[in-house]
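Descriptive structure summary
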Amino acid sequence: MAAEANDVVALHGEEHATDLSRPYWEALRCGDFALQRCRSCDSRQHYPRLLCRFCGGRQLEWAAASRSGTVVTAVLTYRSSKKELRSRLPYPVALIRLADGPLVLAAPAGGLMYPGSRVEIDSAETLRSGLLVVATAAQEG
Amino acid sequence: MSGGWIAGVAELPRAELDGVADPIGANAIAIARAADDAGLPVSSIDAVLTYDSLLHPHPMQATKVCEYLGITPSYASTIGAGGASPLFAVVVADSLVRSGVAHTVAIAHSDFRASSASRSAVLEKMAAVVGNPEFEDPLGPIVPTLYALVAEWLIAEGDLDREDLAAIAVQTRQWARLNPNARFTDALTDAEVLQAPVIAGPLGRFDCCLVTDFSGALIMQADPDPRRAVAIAGVAGAVSHEEITQLPEHPMAPVRRTAEAVYRAAGVVPSDIDAAFLYDSFTATVAAQLLGYGLDGGNGLKKLLCGNGIGPGGTLPVNTHGGLLSASTSGIFHVVEAVRQLRGEAGERQAGDVGTVLVTGVGGVLSHNCAAILAGAGHGG
């Protein structure tokens, strides 16, 4: 919806984007989630590279990726390297294992999460806060 | 065995460092003193390896150090493996000596990080290089945040708890109290560690390494006077990843791999280790290595640490100089202290008859592990 564009803050990290990584950010801005995929071995990797870290393959593309993941570990940090985040201290940082394989560092919505918690990339919150946000996955009904 | 021997060591006293404030000059004088300790002229050095200054790096630091010393060896280079660099320099030097490429290798690490202007610059610099600028740094983790994630991971798996981490800090400090050159020598209790300001996750102020000035050096030789030289019985390493999200496997896996390889190379088992010098960027780093190198004998950390187990008088002395947690911010002193212990020259800190020791280096977030087993004259080999 066009109105959402006014609410979008800068996506932190996008200022470092290269031609190689730009599709990741474009997907996030559209409310989607994409990872680099190797055509030879079908692996997903993140951060994107010029070759596949698993098989060395050079045929890489971007593909829609599952938003689902699991919390591997999460901590509250009382110090931050980012001046703009210091007003939020302490804040939680989580290491998430995405369903498609890669690990990512993300901001858990709603506070610290336990290892093993099922989460999903929350596009709306990501676009609102500018950080990659994961929220507790909806329970299977 | 035709490996390297560490023939000389040197550590600049804290009081002298104030007057130096130049990593290149400090490396040079430390090397000269290590050469004195080895009974050698600096002109006999045919290779120099250094770990560069964090704040005042030089693109050819080792070469510059040779120029300062007035020597013209065959080889000189800085080693870049993060915190593992000093120990990795030992691994490289051992290879140079074993292969006959070099005969007398100097290793040095000096830096000036502690003055108030330097200290904040150090922390900012480390924060600037930690993680991935595009995908990790935006969340603002500092190095302790990343180690806290690993520590919390191991805690959730039941391998250790905060009390174990506190015990490591306390027992390391007890050794530091016996080291006139250690930065912090005040008594420290488990309660103080547990109640200290939290930095991230389970890691508080006393779980994190210091920021100090320091200068130290080693001389490795092919055929030294064996009376005061210690032998490199085996070396090993495992490069796993650099940034935490790129961990290809469980964080303990590369530690265990390095352990298995170094014990095999030296022909020893964990119970042969009389003292261990484990890179202690954080208490969690020590905990992971105590487990990964099998130093708990499979009985778990609590049993090992109970009754001051790794402190003075304990069953397995660890970091008898006080480590990065209490003494000084470089892994080169783990090697220096290991040599002192093996020579029987550790004075008040002498942990009995020390014949076989393990020394480790760790870079990144348990990313780059390396290890060496050293044996004193009349032991191992």
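This one's a predicted model, so the numbers in the text were calculated from it and none came from an experiment. (Residues numbered from 1 in each chain as written. Chains lettered and ligands numbered in written order. Predicted model: local features only at pLDDT ≥ 70, side-chain atom pairs only at ≥ 80, totals over all residues. Heavy atoms only, no water.)

It is worth spelling out the overall build of chain A at this point. Secondary structure summary: chain A contains two helices and eight strands in total. Ordered by position in the sequence, the α and β elements of chain A form the string α-β-β-β-β-β-β-β-α-β. Scaling as 2.2 N^0.38, a compact globule of 141 residues should have a C-alpha radius of gyration of about 14 Å, and chain A matches this with 16 Å. Counting all 141 residues of chain A, 44% fall into the buried class. Restricting to contacts in chain A with at least 6 residues of sequence separation, those with at least 24 account for 48%. For chain A, the accessible surface area stands at approximately 7,400 Å², while carbon and sulfur atoms represent 49% of it. Side-chain charges of chain A comprise 17 positive and 15 negative groups, with the mean position of each set lying 9 Å from the other. (Helix = DSSP H or I, 4+ residues; strand = E, 2+ residues; numbered from the N terminus. Rg over C-alpha atoms; globule rule 2.2 N^0.38 Å. Buried < 20%, exposed > 50% of the residue type's maximum accessible area, 1.4 Å probe, protein only. Contact = heavy atoms within 4.5 Å. Areas by Shrake-Rupley, 256 points an atom, 1.4 Å probe, with all protein chains shown as cover. Lys, Arg positive; Asp, Glu negative; His and termini not counted. Charge placed at Lys NZ, Arg CZ, Asp CG, Glu CD.)

For the rest of this paragraph, the subject is the overall build of chain B. A count of helical and extended segments in chain B gives 13 helices and 11 strands. Relative to the globule expectation of 21 Å for 381 residues, the C-alpha radius of gyration of chain B, 19 Å, shows essentially globular dimensions. For the C-alpha atoms alone, the extent of chain B along its principal axes is close to 55 × 45 × 40 Å. Burial analysis of chain B (381 residues in total) assigns 62% to the buried set. If you take every contact in chain B between residues at least 6 apart in sequence, the share linking residues at least 24 apart comes to 76%. As displayed, chain B offers around 13,000 Å² of accessible surface, 53% of which is attributable to carbon and sulfur atoms.

Before going further, it helps to spend a moment on the sheet that holds strand β7 (residues 214-221) of chain B. All names here are of chain B. Taken together, nine strands build an open sheet; the order of strands is β3-β2-β4-β7-β1-β8-β11-β10-β9 and the sheet is mixed. The open sheet has two free edges, formed respectively by β3 (75-78) and β9 (275-277), since each of these has just one partner strand. Strand-to-strand twist in this sheet, taken as the mean axis angle between neighbours without regard to direction, amounts to 25°. In this sheet, strand β11 (residues 368-375) lies alongside strand β10 (residues 356-363) in antiparallel orientation, the contact comprising eight bridges. Across the sheet, residue Gly361 finds its bridge partner in β11, namely Cys370. Docked against the sheet, helix α9 (residues 253-266) engages β8 (230-239), β10 and β11, running at close to 150° with respect to β8. (Pairing = 2+ DSSP bridges. Axes fitted to C-alpha atoms, helices over the stretch in contact; angles between N-to-C directions.)

With that out of the way, let us pick up the interface of chain A and chain B. Tallying the contact residues gives 35 residues for chain A and 30 residues for chain B. With both sides pooled, the region where chain A packs onto chain B buries about 2,700 Å², and carbon together with sulfur makes up 66% of that total. Sorting the residues of chain A by area buried against chain B places Val75, Arg79 and Leu105 of chain A first, and these three jointly supply 21% of that buried surface. For the side of chain A that touches chain B, the secondary structure elements donating two or more residues are α1 (22-29), β4 (68-77), β5 (91-98) and β6 (103-108) of chain A. (Buried area = accessible area lost by both parts, 1.4 Å probe.)

On to the confidence of the model for chain B. Looking at chain B as a whole, its pLDDT mean stands at 94, while 98% of the residues score no less than 70. Across the assembled chains, the prediction reports ipTM 0.93 with pTM 0.95. (pLDDT = per-residue confidence, 0-100.)

Residue and element names in this part refer to chain A. Listed as buried for α1 are Tyr24, Trp25, Ala27 and Leu28. The buried residues of α1 occupy an angular sector of 160° when the element is viewed end-on, so they sit on one face. Where the residues of α1 are buried, they touch β1 (34-38), β3 (60-64) and α2 (123-129). (Arc of directions from axis to C-beta.)

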